[in-house]
Amino acid sequence: MNVKIMLIVFLFLAIILLAIIVNSQSIVDIADDIVSSECELQCETQHEQNIEICNEIHDAQIHECNNERKREFNTCNKLTGRDKRNCILQVIINSQQCKKNANMAEEQCIENADNTLNECLSLCIGLDRDGDGVPDLEDNCPFTQNPSQSDTDENGIGDDCDQ
């Protein structure tokens with residue numbers, strides 16, 4: 001009878017130990033997920049702030065383009081005839097170019113913000129967004145699966161992304 005009780009107690013303890021091990025593994029996984037999520041949230045928050053800065057700079061540049069156009073038009077209004085028409089045409093061309101430059105600068109700013117976001121996310125617990133087993137920081141093609149990391153032309157971009 002003592003052997004039966006000891007066997008039952010042993011099995012009971014083994015089940016409890018197994019449950020503790022399984023639950024600890026789950027707790028570690030949950031902790032990793034929380035750390036990763038917080039990291040990703042910080043990256044995304046910083047990205048949103050960077051985009052806001054890009055938009056503010058763009059708005060300021062467009063505002064300056066409009067002010068410059070007004071100043072140039074005032075100069076044109078002092079002219080007459082053909083000189084005035086040519087001046088007005090030049091003001092329009094200058095204004096369009098100024099706004100085009102502001103838009104291109106905004107696009108570059110946003111691209112830089114996106115690159116910064118991608119780098120930040122890559123640092124979040126060895127992120128591997130394409131699931132090829134290579135962390136994004138080491139991956140030569142981080143958005144397309146390419147576990148071999150082949151780079152025939154040795155340009156730093158994986159063959160699967162060299163299209």
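In case you missed it, the structure is sitting above this.
Cut-offs applied
- Residues numbered from 1 in each chain as written.
- Predicted model: local features only at pLDDT ≥ 70, side-chain atom pairs only at ≥ 80, totals over all residues.
- Heavy atoms only, no water.
- Helix = DSSP H or I, 4+ residues; strand = E, 2+ residues; numbered from the N terminus.
- Contact = heavy atoms within 4.5 Å.
- Areas by Shrake-Rupley, 256 points an atom, 1.4 Å probe, with all protein chains shown as cover.
- Salt bridge = Lys/Arg side-chain N within 4 Å of Asp/Glu carboxyl O.
- Buried < 20%, exposed > 50% of the residue type's maximum accessible area, 1.4 Å probe, protein only.
- Disulfide = S-S within 2.5 Å.
- Expected span 1.5 Å × (residues − 1).
- Core = buried A, V, L, I, M, F, W, Y, C linked by side-chain atoms within 4.5 Å.

1. A few points about the overall build of the protein
When helices and strands are tallied, the protein shows two helices and zero strands. Of the contacts made within the protein by residues no fewer than 6 positions apart, 34% connect residues no fewer than 24 positions apart. Element-wise, carbon and sulfur atoms account for 59% of the exposed surface of the protein, whose accessible area totals about 11900 Å².

2. Points about the pattern of salt bridges
This model, assessed by the stated rule, comprises two salt bridges. The closest approach of N and O atoms between Glu64 and Arg71, which form a salt bridge, is 2.8 Å. By relative accessible area, Glu64 is classed as partly exposed at 40%. For Arg71, the salt bridge goes to Glu68, with nearest N and O atoms at 2.7 Å. Of this pair, Arg71 and Glu68 both sit in helix α1 (residues 2–76), three residues apart, which is roughly one turn of that helix.

3. A look at the state of the cysteines
Using the criterion set out here, one finds five disulfides in the structure. For Cys65, the disulfide goes to Cys98, at an S-S distance of 1.9 Å. Between Cys65 and Cys98, the disulfide has an S-S torsion of -85° and is therefore left-handed. Of this pair, Cys65 sits in helix α1 while Cys98 sits in helix α2 (residues 81–123); the two residues are 33 residues apart in sequence, bridging distant segments of the chain. Overall, Cys98 belongs to the partly exposed group, its relative accessible area being 28%. Disulfide partner of Cys76: Cys87, at an S-S distance of 1.9 Å. Looking along the S-S bond of the Cys76-Cys87 disulfide, the torsion reads about -80°, which is the left-handed sense. In this pair, Cys76 sits in helix α1 while Cys87 sits in helix α2, placing the two residues eleven residues apart along the sequence.

4. What about unusual backbone geometry?
Positive phi outside glycine occurs at Gln149, with the angle close to 55°. One can find Gln149 in the segment after α2. Phi is positive for Glu154, close to 50°, though the residue is something other than glycine. Relative to the helices and strands, Glu154 resides in the segment after α2. Overall, Glu154 belongs to the exposed group, its relative accessible area being 69%.

5. Notes on the side chain of Asn140
Considering the arrangement of structural elements, one finds Asn140 in the segment after α2. Apart from the residues lying within four places of it in its own chain, the contact partners of Asn140 are Asn146, Gln149, Ser150, Asp151, Gly156, Ile157 and Gly158.

6. A few points about α2
If you check α2, its first and last C-alpha atoms are 63 Å apart, about what 43 residues at 1.5 Å a residue would give, namely 63 Å. For α2, the set of buried residues is Cys87, Val91, Ser95, Ala102, Glu106, Ala113, Leu117, Leu121 and Ser122.

7. Digging into the environment of Asp160
Along the chain, the position of Asp160 falls in the segment after α2. Along the backbone, Asp160 and Thr144 are 16 residues apart, and their C-alpha atoms lie at a distance of 7.0 Å.

8. Observations concerning the nonpolar core
Judged by nonpolar contacts, Cys43, Leu117, Leu121, Cys124 and Leu127 together constitute the single largest core of five residues. Excluding residues that lie within four positions of it along the chain, Leu127 makes contacts with Glu40, Leu121, Ser122, Pro135 and Asp136.

9. A look at the side chain of Gln149
Owing to a relative accessible area of 19%, Gln149 belongs among the buried residues under this scheme. Filtering out sequence-adjacent residues up to four positions away, Gln149 remains in contact with Asp132, Val134, Glu138, Asp139 and Asn140.

Scope: geometric values only; no functional claims are made or implied.
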